[in-house]
Amino acid sequence: MAVFDQRLNLSWWALRIGLGVGPIVTGIDKYFNKLTDWTMYLSPLATNLVPVSAATFMHIVGVVEIIAGLVVLSRWTKLGSQIVALWLLGIAVNLLTTGMFYDLAMRDVEIAIAAFVLSQLSAVRGQHSLATASQRQ
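A. Representation of the overall build of the chain. Looking only at helices and strands, the chain has 5 helices and 0 strands in total. Helices (α) and strands (β) of the chain occur, in sequence order from the N terminus, as α-α-α-α-α. Across the 137 residues of the chain, 36% fall into the buried class. Within the chain, contacts between residues separated by at least 24 positions form 71% of all contacts whose residues are at least 6 apart in sequence. Of the roughly 8300 Å² of accessible surface on the chain, 71% is carried by carbon and sulfur atoms.

Here it is in structure tokens:
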């Protein structure tokens with residue numbers, strides 16, 4: 001099998017770092033609200049459905065985001081990026097149901113697409129690694 005193209009490898013690393021570190025940073029900020037007041041992005045529909053306060057719910061969201069970011073940065077990048085993609089689509093749906101923040105919903109869909117691309121690059125990169133390892137044996 002051909003060598004994994006260096007340009008693809010660079011793209012893989014850029015997406016991996018961005019989609020790994022980003023959720024960790026925003027997840028941590030769910031506890032400090034330095035970037036923004038995260039509860040304002042929670043739709044009224046969601047606040048009616050969850051049995052905890054908006055702040056507590058955002059703390060739970062923060063934990064999920066931190067874990068997702070760590071999985072992206074681990075050896076399970078493909079799985080982590082799929083989780084991040086689905087999570088971002090869920091956030092986009094939440095934002096749409098607020099009746100505002102359509103621009104942020106669109107941005108999250110675009111980032112979800114980037115996470116999907118990372119999962120696909122990870123699959124190809126993993127296949128390349130397996131093929132290279134079997135050639136060495």
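Structure's up, so let's keep going.
B. Structural context of helix α4 (residues 77-96). With 20 residues, α4 extends 28 Å between its outermost C-alpha atoms, agreeing within 8% with the 28 Å of an ideal straight helix rising 1.5 Å per residue. Within the sequence span of α4, burial applies to Thr77, Gly80, Ser81, Val84, Ala85, Leu88, Ala92, Asn94 and Leu95.

C. A look at the packing of helix α3 (residues 54-73) against α4. Between α3 and α4, the least distance of the axes is 7 Å, while the angle of their chain directions is 145°. Crossing geometry of α3 relative to α4 is assigned as left-handed. Only Thr77, Gly80, Ser81, Ile83, Val84, Trp87 and Ile91 of α4 make contact with α3, whose side of the interface consists of Val61, Val64, Glu65, Ala68, Val71 and Val72. Along the lines of polarity and charge, the residues of the contact of α3 with α4 split into 9 nonpolar, 3 polar and 1 charged.

D. Structural detail: the packing of helix α1 (residues 6-29) against α3. Where α1 contacts α3, the two axes come as close as 7 Å, and the packing angle between them is 160°. As the angle between them shows, α1 and α3 are arranged roughly antiparallel. Note that α1 runs across α3; the crossing there is left-handed. Together, Arg16, Ile17, Leu19, Gly20, Val21, Pro23, Ile24, Thr26, Gly27 and Ile28 of α1 and Gly62, Glu65, Ile66, Gly69, Leu70, Val72 and Leu73 of α3 make up the contact between the two elements. Grouping the constituent residues of the contact of α1 with α3 by class yields 10 nonpolar, 5 polar and 2 charged.

E. Representation of the pattern of salt bridges within the structure. Tallied over the full model, the rule gives 2 salt bridges. Across the pair lysine 30 and glutamate 65 runs a salt bridge, and its minimum N-O distance is 2.8 Å. Of the two residues, lysine 30 is situated in the loop between α1 and α2 (44-49) and glutamate 65 in helix α3; the sequence distance between them amounts to 35 residues. In terms of burial, lysine 30 and glutamate 65 fall into one category: buried. Aspartate 108 is the partner of arginine 107 in a salt bridge, and the nearest nitrogen-oxygen pair spans 2.8 Å. Accessibility expressed as a relative area gives 3% for aspartate 108, which makes it buried.

Conventions used here
- Residues numbered from 1 in each chain as written.
- Predicted model: local features only at pLDDT ≥ 70, side-chain atom pairs only at ≥ 80, totals over all residues.
- Heavy atoms only, no water.
- Helix = DSSP H or I, 4+ residues; strand = E, 2+ residues; numbered from the N terminus.
- Buried < 20%, exposed > 50% of the residue type's maximum accessible area, 1.4 Å probe, protein only.
- Contact = heavy atoms within 4.5 Å.
- Areas by Shrake-Rupley, 256 points an atom, 1.4 Å probe, with all protein chains shown as cover.
- Expected span 1.5 Å × (residues − 1).
- Axes fitted to C-alpha atoms, helices over the stretch in contact; angles between N-to-C directions.
- Left-handed = near helix turned anticlockwise from the far one by under 90°.
- Nonpolar A, V, L, I, M, F, W, Y, C, P; charged D, E, K, R; others polar.
- Parallel < 35°, antiparallel > 145°, perpendicular 65-115°, else oblique.
- Salt bridge = Lys/Arg side-chain N within 4 Å of Asp/Glu carboxyl O.

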